[in-house]
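# Chain and residue survey
The lines below spell out each chain.
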Amino acid sequence: MKERSEAIQRAQRALKALGEHPRSSKKELGHAREHVNACYSHASGEHVWSAVAQVEAMAERRYGVPSTEEQRQQTEAAGEDLEEPATAARGRAAEDRAIPSTSSTTDVELTPTSSR
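Here the residue index of a chain counts from 1 through its sequence in written order. The predicted origin of the model limits local features to residues at a pLDDT of at least 70 and limits the giving and counting of side-chain atom pairs to 80 or more, whereas totals for whole chains, interfaces and linings rest on all residues. The side-chain numbers reported here are obtained from all heavy atoms of the structure, hydrogens and water having been left aside.

Within a predicted model, pLDDT stands for the predictor's per-residue confidence, ranging from 0 to 100. Per-residue confidence for the protein averages 75 on the pLDDT scale, and 58% of its residues sit at or above 70. Per the convention used, a helix needs a DSSP run of H or I reaching at least four residues, while a strand needs a run of E reaching at least two, with both numbered from the N terminus. Least confident of the elements in the protein is helix H5 (residues 88-97), whose mean pLDDT is 56; most confident is helix H2 (residues 26-41), at 90.

This part is about the packing of helix H1 (residues 2-20) against H2. A pair of packed helices is captured by two measures, namely the crossing angle of their axes and the spacing between those axes. The axes are straight lines fitted to the C-alpha atoms, using for helices just the contacting stretch, and the angles between their N-to-C directions are given from 0 to 180°. Direction vectors running N to C along H1 and H2 enclose 170 degrees, while the axes themselves pass 10 Å from each other. It follows from the interaxial angle that H1 and H2 lie roughly antiparallel. Facing Arg4, Ile8, Ala11, Gln12, Leu15, Leu18 and Gly19 of H1, the residues of H2 in contact are Glu28, Leu29, Ala32, Arg33, Val36, Cys39, Tyr40 and Ser41. Of the residues in the contact of H1 with H2, the class split is 9 nonpolar, 3 polar and 3 charged. In this scheme, roughly parallel covers angles under 35 degrees and roughly antiparallel covers those over 145, while 65 to 115 is roughly perpendicular and the rest are oblique. We call two residues contacting when some pair of their heavy atoms lies within 4.5 Å. Throughout this entry, Asp, Glu, Lys and Arg are counted as charged residues, while Ala, Val, Leu, Ile, Met, Phe, Trp, Tyr, Cys and Pro are counted as nonpolar. The remaining residues, Gly among them, count as polar.

Expected span, for any helix, means 1.5 Å times one less than how many residues it has. Taking 1.5 Å of rise per residue, 19 residues should cover 27 Å, and helix H3 (residues 45-63) covers 27 Å from first to last C-alpha, within 8% of that figure. Residue burial is assigned from relative accessible area. The probe radius is 1.4 Å, only protein chains are included, and a residue is buried under 20% of its type maximum, exposed over 50%, and partly exposed in between. Within H3, the full set of buried residues consists of Val48, Ala51, Val52, Val55, Glu56, Met58 and Ala59. Axial view of H3: buried residues confined to an arc of 150 degrees, hence all on one face. Exposed side chains of H3 directed beyond 90 degrees from the buried face belong to Glu46 and Arg61. Along its buried surface, H3 packs onto H1 and H2. Directly after H3, the chain includes Gly64, whose backbone phi takes a positive value near 80 degrees. The directions from the helix axis to the C-beta atoms form the arc being described.

Here we take up the pattern of salt bridges. What counts as a salt bridge is simple: a side-chain nitrogen of Lys or Arg found within 4 Å of a carboxyl oxygen of Asp or Glu. All told, the structure shown has 2 salt bridges when counted by the stated rule. Its salt-bridge partner being Arg10, residue Glu56 comes within 2.8 Å of it at the nearest N-O pair. Highlighted residues: Glu56 in helix H3 and Arg10 in helix H1, separated in sequence by 46 residues. Relative accessible area serves as the criterion here: at 33%, Arg10 is assigned to the partly exposed category. Residue Glu28 pairs with Arg62 through a salt bridge whose shortest N-O separation is 3.0 Å. On the criterion of sequence distance, the pair formed by Glu28 in helix H2 and Arg62 in helix H3 is long-range, its members being 34 residues apart. With relative accessibility at 16%, the residue Glu28 sits in the buried group.

Here is the structure:
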């Protein structure tokens, strides 16, 4: 019961966000409202979550947020071409990938040279 209540609250927040967007049409808001109302009438949790997902997807599209599937496709298409942000974690990762220096071996003896 608690999950259903949380799902309905999520749908209502998405509907509210959709209603606050200046380019949302009455038709779009009516369609979203139907999905929210369906949350109340469905006994199946699966149907409730499906309705919530539809309302949230409508709000995401209106605000220009790509869906999870679109984000995954964009990430795959970009591959390794994306430049990583400069962070401490990135620096540590680069150090971990670095080839060990040969100057750290102890069997090499360095002798000073005379300056000319």
